[in-house]
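As a plain string of letters, each chain reads:
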Amino acid sequence: MVTLVSGRRRCGATRSLVLLLATTCALPLAAQGGAAAAKRAPDPVLAPAPWAPPAPGTTFRYEGFTYRVGRTEGWRTSFVDDRGAPGQQLSLFFSEDPRKPFKFPSDSIAVLWPLRTGGRTSFQVFKGELQWRYVLRVIGTERVTVPAGTFDTYLVTALELPLLTSDPAGVRTRMTTFWYAPSINAVVRFLAITTTPAGEKTQRKVQLLSITAPTAATRR
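The rules we used
- Residues numbered from 1 in each chain as written.
- Predicted model: local features only at pLDDT ≥ 70, side-chain atom pairs only at ≥ 80, totals over all residues.
- Heavy atoms only, no water.
- Pairing = 2+ DSSP bridges.
- Helix = DSSP H or I, 4+ residues; strand = E, 2+ residues; numbered from the N terminus.
- Phe/Tyr/Trp six-rings, centres within 6.5 Å; stacked < 30°, edge-to-face > 60°.
- Buried < 20%, exposed > 50% of the residue type's maximum accessible area, 1.4 Å probe, protein only.
- Salt bridge = Lys/Arg side-chain N within 4 Å of Asp/Glu carboxyl O.
- Polar contact = N/O pair within 3.5 Å; in protein donor to acceptor, adjacent residues only side chain to side chain.
- Contact = heavy atoms within 4.5 Å.

(A) The arrangement of the pairing of strand β12 (residues 201–212) in detail. When strand β2 (residues 59–62) meets β12, the two strands line up antiparallel, connected through four bridges. The residue of β12 that forms the bridge with Arg 61 is Ser 210. Both strand β11 (residues 186–195) and β12 contribute to a ladder of seven bridges, which runs antiparallel. Bridge assignment links Ala 192 to a residue of β12, and that residue is Arg 204.

Right, here's the structure in full:
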């Protein structure tokens, strides 16, 4: 049975997520602490970043998982993880099961690229009878240091709101901030905050550990 998430619940979730957005945006400064925040280097000035997937065969190792890039078709880039399982990324920001891909309006994703501060798009995603709404915003730039190195990045927030669900009690909303580095065409850090209907929050932060350039063997 598929249930429509009530307008009241969506509005409440949206208000909570607006607060989460404000909190998430403040994290880079808050983490520096008092005097250190005042001395933080100015945000980098970046040229608009066109859509460009990573080169096939490139291996990205993150905290908790690794994947090797396959081929790209349209907005979808395939990959194989460290367990040999196939996967797929949609516009580099969302993962999906290649056996059950999402249905989405490709022109709505095209609006976001090239990435530039102030860019925004929203669209609905369908998976069978289930339905979600995504709102993506490019909220600024930041130079960040992760184990893989130092990168100038665009900060992209993605708000995920469930609209039709088969499990009303398990409804979750999610706000994710991506640090996208145009120099390597990849996300070097992401922070996901998930909120339950009861207002309980969980947080997941992942950073890029290393990059391995493609070889003749991994390009196949």
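(B) Structural detail: the packing of aromatic side chains. Per the counting criterion, the structure on display carries 15 aromatic pairs. Seen in terms of ring centroids, Phe 102 and Trp 132 are 6.3 Å apart; in terms of plane orientation they differ by 55°. Their pairing is tilted. Of this pair, Phe 102 sits in the loop between β6 (94–96) and α3 (106–110) while Trp 132 sits in strand β8 (residues 130–146), and the two are 30 residues apart along the sequence. Like Phe 102, the residue Trp 132 is buried in the burial classification. One aromatic cluster is present, built from ring pairs that chain together Trp 51, Trp 75, Phe 93, Trp 113, Phe 178, Tyr 180 and Phe 190.

(C) The pattern of salt bridges, seen in detail. All told, the structure shown has six salt bridges when counted by the stated rule. A salt bridge links Arg 76 to Glu 96; the nearest nitrogen and oxygen atoms lie 2.4 Å apart. One end of the pair, Arg 76, is in strand β4 (residues 76–81); the other, Glu 96, is in strand β6, with 20 residues separating them in the sequence.

(D) Structural detail: the side chain of Asp 81. Note on placement: Asp 81 falls in strand β4. Given the relative accessible area of 15%, Asp 81 is considered buried. A distance of 2.9 Å separates the side chain of Asp 81 from the backbone nitrogen of Ala 85, its partner in a polar contact. With residues up to four places along the chain from it excluded, the contact list for Asp 81 reads Thr 66 and Tyr 67.

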